[in-house]
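Chain residues, written in single-letter form:
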Amino acid sequence: MNLVRPLSRAPSSVAYSSPARSLAQTLLSCLAGDRLRRLLPAAHARAVVSEGLCDLFLANLLLRGYSKLGLLHDARRLFDGMLHRNLVTWSSAVSMYAQHDGDEQALVLFAAFRRSFDEVPNEFLLASVLRACTQSMAVHFGEQVHGTALKLGLDVNIYVGTALINLYAKVACMDAAMRVFHALPAKNPVTWTAVITGYSQIGQSGLALDLFQKMVVQGVCPDRFVLASAVSACSALAFLQGGRQIHGYAYRSAAGMDASVINALIDLYCKCSRPLMARKLFGRTENLNLVSWTTMIAGYMQNSLDAEAMDMFWQMCQAGWQPDVFACTSILNSCGSLEAIWQGRQIHAHAIKANLETDEYIKNALIDMYAKCDHLTAARAVFDALAHDDAVSYNAMIEGYARQGDLTEALQVFRRMRYCSIRPNVLTFVSLLGVSSFQSAIELSKQIHGLIIRSGTSADLYMGSALIDAYSKCSLVDDAKAVFLLMHNRDLAVWNAMIFGHVQNEQGEEAVKLFSQLRASGVTPNEFTFVALVTVASNLASMFRGQQFHAQIIKVGADSNPHVTNALIDMYAKCGFINEGWLLFELTCGKDAVCWNSMILTYAQHGHAEEAFRVFQLMREARVEPNYVTFVGVLTACAHAGLVDEGLHHFNSMKIKYGIEPGIEHYASVVNLLGRSGKLHSAKEFIERMPIKPVAAVWRSLLSACRLFGDIEIGRYAAEMALLVDPSDSGPYVLLSNIYASKGLWADVQKLRLGMDYAGTMKEPGYSWIEVMKEVHTFIARGTEHPQAESIYAVLDELTSLLKDFGYLPDTSELPLLGDNG
């Protein structure tokens, strides 16, 4: 670039020639019109020919014209060739660079002005160079300009002051910005916008709204920029009422039709979980732009309305808008949530065509989308093609492998992450903990915990709840409790993780105690807390506890939650109160598949087959699609009622009519159905024709039927196959022993007992419980753990003697295998 050479300033008075005056008038007439681009080169040429460039007024008009058209190269050539320059010349040149992203040249030009020109800068020149400082983040240079403004007394000028506020607000120096703001004797909407936006950008939305209120009180009429900034502050605070008040003001003013205000309001309603209001505003707006569409799509995605987001995206494309990075990122997230791989691939193709594929946000969104759709090969291909890896892409890849339970690949990506010196964050460790706990990899979970401590993120509440969950799933409840006790300022997620940990490990009483501590700490329980507590009552079959929890659920208004309702129906069923469960079911609005399944399974497990079929029919009439669990309940009901033909019909209709692939539970139910009906050979053949490998439970189901009908041959075969699948299972030994004992084959019983001892298999003792006077009493077979065991056994002995006196003979055919194990 040609450096500015020192020149004398323009003479105080210049005699304007007639050609120069005529050219100047022509330029002035077209500066605001469309003729400028056509007339400017001709006017410049005439000025050169007529030596009109000596006329400083005409030269400045030409410079201003080139600046307005963005012809920076032509403007600079004109500037460098000018024999005289004045303050207007320098201001025009600096302003031109500041307006057209030439911030560095603007700063260089201002420095040249200070060196070569003896006049002091005016407010317009200072405001322009401060704008360049703001855009280039040249804070140190801007502070120097601020010093110059102070010396000249221009820091209180509205233009200079506003430019200084913008500079300091851009770099989050709001204290300095407010000092300038308070020093200004007069403030316009642009000045107020600068400070309001500054506080919004640094997360101080409350202060931003306080300033907005002061502005209105002082009678300053907010323009569209102020309104948009104020609405954005309301969005950050989820302050719906304040946003609606601003919406009302904007609606009454001309600014209400501005796209920036409309877009900010759409964003507000979406972030305040009012997507319908946002959609209504969107539909009424005529001057929609790309930001409007993108904001609405992102709003649907943020509110988990992914199908609506997808529909909106295709409407945008049909309306002729080209999706940008933000629109593609949002819709890829929705594609992942819906597992809509076909649509996700279409977005990927668009990103390639629009040359957006290299954007880091797009790449990370693609990895996440493919991973959520279980297309990990495609996800890995995008991941490996990344030019610059970051924690987001690694987390998406690790989470994808974790979701499929692929611990090996998840760890391989994690090792690569550490090799590339990319620091793992909370999400990285949470994903690894999820897959390690799922596979009960206790040592790995502990190693990850060690890395978490070293990374300094162990105090994070999200991390704490993940650690508690991981240790609980590995049955290390004491370790989970140790993590829980180390967490300070526990949030509800941490409390819920620990309560669920106790529930998972059948420590119901501990879960109830922890719930009492939660209430005492002032933390309000949510639906997940109550689901855990109701599960405790279900596991204990404690109606008293269940009704207590139900009362608290009603009190806090959580009884309308479908998860809570389903848990309550299950609890009433397990406690034997089927009618109460049905009444609750009938009162439930918007029943989902889980709710219908709970009721079907309740009736099926209690042997009420007709009622189960009736609920299944009602479910179909309500147009709720049956799922995998639905048919487990229906087939169980058929087995209890001995309805072989109907059961086989439902089993076959699963795949043909509903597209549901039968699972191991369905096959086991059919075996049970055939076995209970005495069709043992059919059941055996059915198992041998299964397209999936039968588990021990399937063979045990056949073995139970053989015991019922005393079939030794098939029973022996079923027991051998069950033990082949799971040698440590005591169930086949016990069932086959009972078959032998029922036939009086005591030698075979003894032989089976020796085989069981040789295999080291122990029969798990059976136990039962009863609720008396609001307290649950648990009894283990032949156990003496109960504090009143001695008195209870004395009463039992007395009752047994009375029964024998009346001629009762106990059935001892199943005792030989019990031995000392109970």
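Now for a look at the structure at hand. Being a predicted model, the structure only gives us computed values, none of them experimental.

1. Side note on the overall build of the protein chain
Counting its regular elements, the protein chain contains 45 helices and 2 strands. In the protein chain, which comprises 822 residues, the proportion classed as buried is 48%. Pairs at least 24 apart in sequence give 61% of the contacts found in the protein chain among residues at least 6 apart.

2. As for the nonpolar core
Grouped together as the largest cluster of nonpolar side chains are 244 residues, with contacts concentrated most on Ile196 and Leu702. Among the elements that make up this core, the one with the highest residue count is helix α15 (residues 259-271) (8 residues). Once you skip the residues sitting within four places of it in the chain, Leu702 turns out to touch Val671, Leu680, Ala683, Lys684, Ile687, Ile714 and Ala718.

3. Some points on helix α31 (residues 527-540)
For α31, with 14 residues, the first-to-last C-alpha span of 20 Å sits near the 20 Å given by 1.5 Å per residue. Of the positions making up α31, those classed as buried are Thr529, Phe530, Val531, Ala532, Leu533, Val534, Val536, Ala537 and Ser538. Buried residues along α31 sit against α29 (492-504), α30 (508-520), α32 (543-556) and α33 (562-574). Following α31 by one or two positions, Ala541 has its phi on the positive side, about 50°.

4. Some points on the pattern of salt bridges
Applying the stated criterion across every chain, the model contains 13 salt bridges. Arg380 is the salt-bridge partner of Asp384, the closest N and O atoms lying 3.3 Å from each other. Separated by 4 residues within a single helix, Asp384 and Arg380 lie in helix α22 (residues 376-384), roughly one turn from each other. Since its relative accessible area comes to 15%, Arg380 is described here as buried. Residues joined by salt bridges that share partners form a network here, namely Arg380, Asp384, Glu409 and Arg416.

5. What about the packing of aromatic side chains?
Here a ring pair, both rings aromatic, is described through the centre-centre distance and the interplanar angle of the planes. Counting across every chain of the model gives 21 aromatic pairs. Relative to Phe549, the ring of Phe515 has its centre 6.3 Å away and its plane inclined at 85°; by these criteria the two rings are edge-to-face. On the criterion of sequence distance, the pair formed by Phe515 in helix α30 and Phe549 in helix α32 is long-range, its members being 34 residues apart. Both residues of the pair, Phe515 and Phe549, count as buried. Centre to centre, the rings of Trp699 and Tyr717 are 5.6 Å apart; their planes meet at 85°, and the pair counts as edge-to-face. Taken together, the positions of Trp699 in helix α41 (residues 696-709) and Tyr717 in helix α42 (residues 712-725) put the pair 18 residues apart, joining distant regions of the chain. Overall, the relative accessible area of 3% leaves Trp699 in the buried class. Aromatic rings pair up to connect Trp90, Phe110, Phe113 and Phe141 into one cluster. Sitting over the ring of Phe484, Arg490 keeps its end group 4.1 Å from the ring centre. The side chain of Arg614 reaches across the aromatic face of Trp582, ending 4.9 Å from its centre.

Cut-off values and rules
Residues numbered from 1 in each chain as written. Predicted model: local features only at pLDDT ≥ 70, side-chain atom pairs only at ≥ 80, totals over all residues. Heavy atoms only, no water. Helix = DSSP H or I, 4+ residues; strand = E, 2+ residues; numbered from the N terminus. Buried < 20%, exposed > 50% of the residue type's maximum accessible area, 1.4 Å probe, protein only. Contact = heavy atoms within 4.5 Å. Core = buried A, V, L, I, M, F, W, Y, C linked by side-chain atoms within 4.5 Å. Expected span 1.5 Å × (residues − 1). Salt bridge = Lys/Arg side-chain N within 4 Å of Asp/Glu carboxyl O. Phe/Tyr/Trp six-rings, centres within 6.5 Å; stacked < 30°, edge-to-face > 60°. Lys NZ or Arg CZ within 6 Å of the ring centre and 35° of its normal.

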